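# Inside the fold
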Amino acid sequence: MSDTWEGKKLPEVSLESSDGNTVHLPKDSAGSWTLLYFYPKDDTPGCTKQACSYRDNLDEFKKAGARVFGISSDSLDSHKQFIGKFNLSFPLLSDPKQTLSGPLGVYGDQEWQGRVFKGLSRDSFLVGPDGTIRKVWRKVDPTRTVAETLEAILKEAGA
């Protein structure tokens, strides 16, 4: 079953990046494949596994012509510490006001250890060179999502 966002244009947003720039989506990614992966919190076990797995496979994404951005509600300072601690080699975007995560349905009620709270779910979006969302993964497993997203990029991009 496809997600309601598949086939639609990525909303236009500007998010601050850990590399000191502002990333304007989808404009700044026009002409290339872009993987946006949302995660709940910097430096937590699942999020660290996921980020390190993207780091370890980043060359494969680049070979496929894709850019990778991790997105959470954490501050840029938190992102920079997370990047430094785990030597992450791709930018993390800060979305503290849910500018992108809200419209995409990533932000909302989450449940963890029987507790319900507002936060980000672990969702990923593959955006095509034309700014159209080609594939959506909801509530992904942090240990399997990298292989799944890379496989989809290779299939979609014909790489």
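Residues numbered from 1 in each chain as written. Predicted model: local features only at pLDDT ≥ 70, side-chain atom pairs only at ≥ 80, totals over all residues. Heavy atoms only, no water.

- Taking an unreviewed UniProt entry as the reference, the protein chain is identified by name as thioredoxin-dependent peroxiredoxin belonging to Leptospira langatensis.
- The UniProt entry for the protein chain carries this comment under Function (unreviewed entry): "Thiol-specific peroxidase that catalyzes the reduction of hydrogen peroxide and organic hydroperoxides to water and alcohols, respectively. Plays a role in cell protection against oxidative stress by detoxifying peroxides and as sensor of hydrogen peroxide-mediated signaling events."
- Annotation of the protein chain in UniProt includes, under Sequence similarities (unreviewed entry), the sentence "Belongs to the peroxiredoxin family. BCP/PrxQ subfamily." (UniProt positions renumbered as here; feature names shortened; annotations may be inferred.)

### Here we look at the packing of helix α1 (residues 45-56) against helix α4 (residues 145-157)
- Where α1 meets α4, the closest approach of the two axes is 9 Å, and the angle between their N-to-C directions is 40°. With respect to α4, the element α1 is oriented oblique. Each of Q50, S53 and Y54 in α1 lies in contact with α4, whose residues at this interface are T145, V146 and T149.
- By residue class, the composition of the contact of α1 with α4 is 2 nonpolar, 4 polar and no charged. (Axes fitted to C-alpha atoms, helices over the stretch in contact; angles between N-to-C directions. Helix = DSSP H or I, 4+ residues; strand = E, 2+ residues; numbered from the N terminus. Parallel < 35°, antiparallel > 145°, perpendicular 65-115°, else oblique. Contact = heavy atoms within 4.5 Å. Nonpolar A, V, L, I, M, F, W, Y, C, P; charged D, E, K, R; others polar.)

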